[in-house]
Amino acid sequence: MRQSHNWRPLAAACRRTAGRAQPPGNQDATPHTMEIYWIENKQRKGPISVAEIISLLEAGDITPETKGWHKGCAKWLPMHELPALSSYFHPLEPSEEYPELPPIPHDLPADAQPPVAAIDKTTRIFAVPAPVLRLWARVLDLLIYTVIALSILRLCSVGFHQTFVSPIAWAPMFLIEAWLISRWSTTPGKWLLGIRVVTFEEKKLGLGTSLTRSIQVYIFGMGLVLTIFTPIMMLLSWWSLRKRGITMWDQRLQTLPLVTPPARMERILIAAVLIFILMEAIGWLFMPWMPDFMAHIESMKGQLGQTFGS
């Protein structure tokens, strides 16, 4: 039976460990890139990253007492004693000797006063978005792109072509997504639901990293938007996210989607209404192409029948 723990958010833990001093003999690795082994059922497991270990802890698959090891440790130690996880289990606490914030000294010059209002506005808590929230953001982005692309084609009086329902048609979307994330760390669908994509240190992604991430999402997350492969790849991505707490592309690139909790219900309702409107718009825009589209489907069926029949 899994135990329930009140773990801190994954992104916050990765952020805290980023500045932690290294143990002797391991100065070439930062804590959030450290590879950790652990013992399960008297067998050695790993290595996996700190982010994945934290995900296992949050899921209750391992406990703070589970024995672990990484470079710099002389022996197997409980997880809560590993140097790479010390910031996660033992964040800096206020001093017990001075538990309250002291008053501002009266002898400070006027321009030295701390901007209290600014501090209050910038103090925010972030968490990793739920898989279903990420799915909604992805669906919104797909629908928005489809409506814009169809609108442009219809305004230009372009007739139906089979490339409009092929993987090539979706490639521009992921290029645009990469540019948006590198510029603003979000996309329209993610912005509506309060999601942004950053590095473990909460920094913006460079254009190269963002483009690599979008391409991997296009291939491994969406299966090239092919009817056969898309559900399979989405299920595998969902399984990875539920099991490890991080997708394969975010793990490789050390990136994280973050959301400002709690997820506001009005945003979710707006997203649901917008999805309905966009789907209706797509149906209306695609309607003039429907006869040609159905003829294309019948042609594809005939080709498949000949291929497998022979």
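The following refers to the structure shown. Within each chain, residues carry numbers counting from 1 in the order of the written sequence. Given that this is a predicted model, residues contribute local features only at a pLDDT of at least 70 and side-chain atom pairs are listed and counted only at 80 or more, while totals for whole chains, interfaces and linings are drawn from all residues. Remark: hydrogens and water are excluded; side-chain values derive from all non-hydrogen atoms of the structure.

A word on the overall build of the chain
Formally: Under the DSSP-based scheme used, a helix requires at least four consecutive residues in state H or I and a strand at least two consecutive residues in state E, with every element numbered from the N terminus. Here the term buried applies to any residue with accessible area under 20% of the maximum for its type, exposed to any over 50%, and partly exposed to those in between, with areas from a 1.4 Å probe on protein chains only. Residues count as neighbours in contact if any of their non-hydrogen atoms are within 4.5 Å of one another. Computed by Shrake-Rupley with a 1.4 Å probe, the accessible areas treat only the displayed protein chains as cover when residues are assessed.
Along the chain, the regular secondary structure elements total twelve helices and six strands. For the chain, the proportion of its 310 residues judged to be buried stands at 37%. Here the contacts in the chain between residues at least 6 apart in sequence split such that 69% fall between residues at least 24 apart. For the chain, the accessible area works out to roughly 19,000 Å², and carbon and sulfur atoms hold 64% of it.

Topic: the packing of helix H5 (residues 131-155) against helix H6 (residues 171-184)
Just so we agree on the cut-off: Orientation is described by lines fitted to C-alpha atoms, with helices fitted over the stretch in contact, and by angles between N-to-C directions that extend from 0 to 180 degrees. Take the far helix as your reference; a near helix turned counterclockwise from it by less than a right angle gives a left-handed crossing, and one turned clockwise gives a right-handed crossing. In this count, Pro and Cys sit with the nonpolar residues alongside Ala, Val, Leu, Ile, Met, Phe, Trp and Tyr, while Asp, Glu, Lys and Arg are called charged and the others, Gly among them, polar.
The N-to-C vectors of H5 and H6 enclose an angle of 120°; their axes lie 11 Å apart at closest approach. H5 and H6 meet at a crossing whose hand is right-handed. Across from Arg138, Asp141, Leu142 and Tyr145 in H5, the residues of H6 making contact are Pro172, Met173, Phe174 and Glu177. Residues belonging to the contact of H5 with H6 are distributed by class as follows: five nonpolar, no polar and three charged.

Structural notes on the pattern of salt bridges
As a reminder of what qualifies: Take a side-chain nitrogen of Lys or Arg and a carboxyl oxygen of Asp or Glu: if they are within 4 Å of each other, that pair is a salt bridge.
Considering all chains together, one arrives at five salt bridges under this definition. For the salt bridge of Glu177 with Arg138, the shortest nitrogen-to-oxygen distance reads 2.6 Å. Placement of Glu177 in helix H6 and of Arg138 in helix H5 is noted, with a sequence separation of 39 residues between them. Via salt bridges that share partners, Arg134, Arg213 and Asp250 belong to a single interconnected network.

So, the pairing of strand S5 (residues 195-199)
The following threshold applies: Any two strands between which DSSP finds at least two bridges are classified as paired.
Along S5, four of the five residues are buried, which leaves the element largely enclosed by surrounding structure. Strand direction decides the pairing type here: S5 and strand S6 (residues 255-259), joined by five bridges, are antiparallel. Paired with Ile195 across the strands is Val259, a residue of S6.

Some points on the packing of aromatic side chains
This is how it is decided: Stacked, tilted and edge-to-face are the three classes applied to pairs of Phe, Tyr and Trp rings, where Trp contributes its six-membered ring and a pair requires centres within 6.5 Å; stacked means planes under 30 degrees apart, edge-to-face means over 60, and tilted covers the rest.
On inspection of all chains with the given rule, the structure shows nine aromatic pairs. Between Tyr37 and Trp69, the ring centres sit 6.1 Å apart and the planes meet at 45°, which makes this aromatic pair tilted. A residue pair is termed long-range when its members are at least 10 positions apart, and Tyr37 in strand S1 (residues 36-40) and Trp69 in strand S3 (residues 67-69) qualify at 32 residues. For Trp69, a relative accessible area of 27% gives the class partly exposed. Ring centres of Tyr145 and Trp170 lie 5.8 Å apart, and the angle between their planes is 40°; this geometry places the pair in the tilted category. With Tyr145 in helix H5 and Trp170 in the loop between H5 and H6, this pair connects stretches of sequence that are 25 residues apart. You can call Tyr145 buried: its relative accessible area is 16%. Since its relative accessible area comes to 18%, Trp170 is described here as buried.

Considering unusual backbone geometry
Looking along the chain, the bond that leaves Gly46 and enters Pro47 is cis, with omega of 10°. With respect to the secondary-structure elements, Pro47 resides in strand S2 (residues 43-48). Here Asn41, not a glycine, exhibits a phi torsion of approximately 55°, which is positive. Judged by relative accessible area, Asn41 falls into the exposed class, the value being 68%. The backbone phi angle of Lys42 is positive, close to 65°, even though this residue is not glycine.

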